[in-house]
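Coordinates in review
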Amino acid sequence: VPVESALVRLIKPLVQPNAGVLVILIDGMSAAVAAELAEEALHLGWYESVLESQGARTAVLAALPTLTKYSRTSFFTGSLQQGAQSQEKNGFAELTGGELFHKGELSGAAGQALPGDVLAAIRSEAGMCAVVLNTVDDALAKADPGGTDWTISGIQHLEPLLAEAARASRTVVLISDHGHVIERGGPSTPIAGAEA
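Residues numbered from 1 in each chain as written. Predicted model: local features only at pLDDT ≥ 70, side-chain atom pairs only at ≥ 80, totals over all residues. Heavy atoms only, no water.

1. Examining the overall build of the chain
Tallying secondary structure elements over the chain gives 7 helices and 4 strands in all. Beginning at the N terminus, the succession of helices and strands in the chain can be written as α-β-α-α-α-β-α-β-α-α-β. Here the C-alpha radius of gyration of the chain, 16 Å, is about what a compact globule of 196 residues would show, namely 16 Å. In terms of overall dimensions, the chain has a C-alpha envelope of 55 × 40 × 35 Å along the principal axes. In the chain, 71% of the contacts between residues at least 6 apart in sequence involve partners at least 24 apart. Accessible area of the chain: about 10700 Å², with a carbon and sulfur share of 53%. Side-chain charges of the chain comprise 12 positive and 22 negative groups, with the mean position of each set lying 3 Å from the other. (Helix = DSSP H or I, 4+ residues; strand = E, 2+ residues; numbered from the N terminus. Rg over C-alpha atoms; globule rule 2.2 N^0.38 Å. Contact = heavy atoms within 4.5 Å. Areas by Shrake-Rupley, 256 points an atom, 1.4 Å probe, with all protein chains shown as cover. Lys, Arg positive; Asp, Glu negative; His and termini not counted. Charge placed at Lys NZ, Arg CZ, Asp CG, Glu CD.)

This is the structure we're talking about:
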């Protein structure tokens, strides 16, 4: 499924009366990281659902070039485009009527795992709300992620988001705007103007 179609085609149909959806977009998450997190979530009492027609997890194709400013904006707006957080927030609100929270909006006050407006959105009657978690993408920019064991507690904010979604009876969708492939020592082929 192209990333710009995923929200409408895959996630919106999951919204049910009195059973909303929390979309957790983990920026830069690969399929391997998603599998690790899903496996751990099973041990926390969650269960995994897949499309009956496919019987397996659904792959989402990132926009090209596979950078956040293209893929993430396209996901949240429902159309191929380049943008930033303001376009993502506006596009998500137009498509779903829900709120989207980014990295800088997820830290709660002293003693709080999540801020009040994030908790209010998850607890609300809105059919859908979403958050962006940047732990994986930030690690890609700063270090070699090859030896990292990705866990629910190791991805900032994920554990309290899952707990709050469970209390609010929300379905959780873990998705990424683009993934990563770990470089295993091949020759370096830098591209002029590329970010990495």
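2. With respect to the packing of helix H3 (residues 68-77) against helix H4 (residues 85-96)
Remark: H3 packs on H4, axes separated minimally by 7 Å, with the N-to-C direction vectors making an angle of 25 degrees. It follows from the interaxial angle that H3 and H4 lie roughly parallel. Along the contact surface, H3 presents Arg72, Thr73, Phe76 and Thr77, while H4 presents Gln85, Gln87, Glu88, Gly91, Phe92 and Leu95. Tallied by class, residues from the contact of H3 with H4 come to 3 nonpolar, 5 polar and 2 charged. (Axes fitted to C-alpha atoms, helices over the stretch in contact; angles between N-to-C directions. Parallel < 35°, antiparallel > 145°, perpendicular 65-115°, else oblique. Nonpolar A, V, L, I, M, F, W, Y, C, P; charged D, E, K, R; others polar.)

3. So, the side chain of Thr135
With respect to the element layout, Thr135 can be found in helix H6 (residues 135-142). At 3.1 Å, the side chain of Thr135 and the backbone nitrogen of Gln156 are in polar contact. Excluding anything up to four places from it in sequence, Thr135 contacts Trp150, Gly154, Ile155 and Gln156. (Polar contact = N/O pair within 3.5 Å; in protein donor to acceptor, adjacent residues only side chain to side chain.)

4. Let's talk about the packing of aromatic side chains
Tallying each qualifying case throughout the model produces 2 aromatic pairs. Plain terms: the ring middles of Phe75 and Phe76 are 4.9 Å apart, the flat faces sit at 70 degrees to each other, and that makes the pair edge-to-face. Residues Phe75 and Phe76 agree in their burial class; the two are buried. When the ring of Phe76 is compared with that of Phe92, the centres are 5.7 Å apart and the planes differ by 85 degrees; the resulting orientation is edge-to-face. Pair noted here: Phe76 is in helix H3 and Phe92 is in helix H4, with a separation of 16 residues, a long-range link. The class for Phe92 is buried, based on a relative accessible area of 0%. (Phe/Tyr/Trp six-rings, centres within 6.5 Å; stacked < 30°, edge-to-face > 60°. Buried < 20%, exposed > 50% of the residue type's maximum accessible area, 1.4 Å probe, protein only.)

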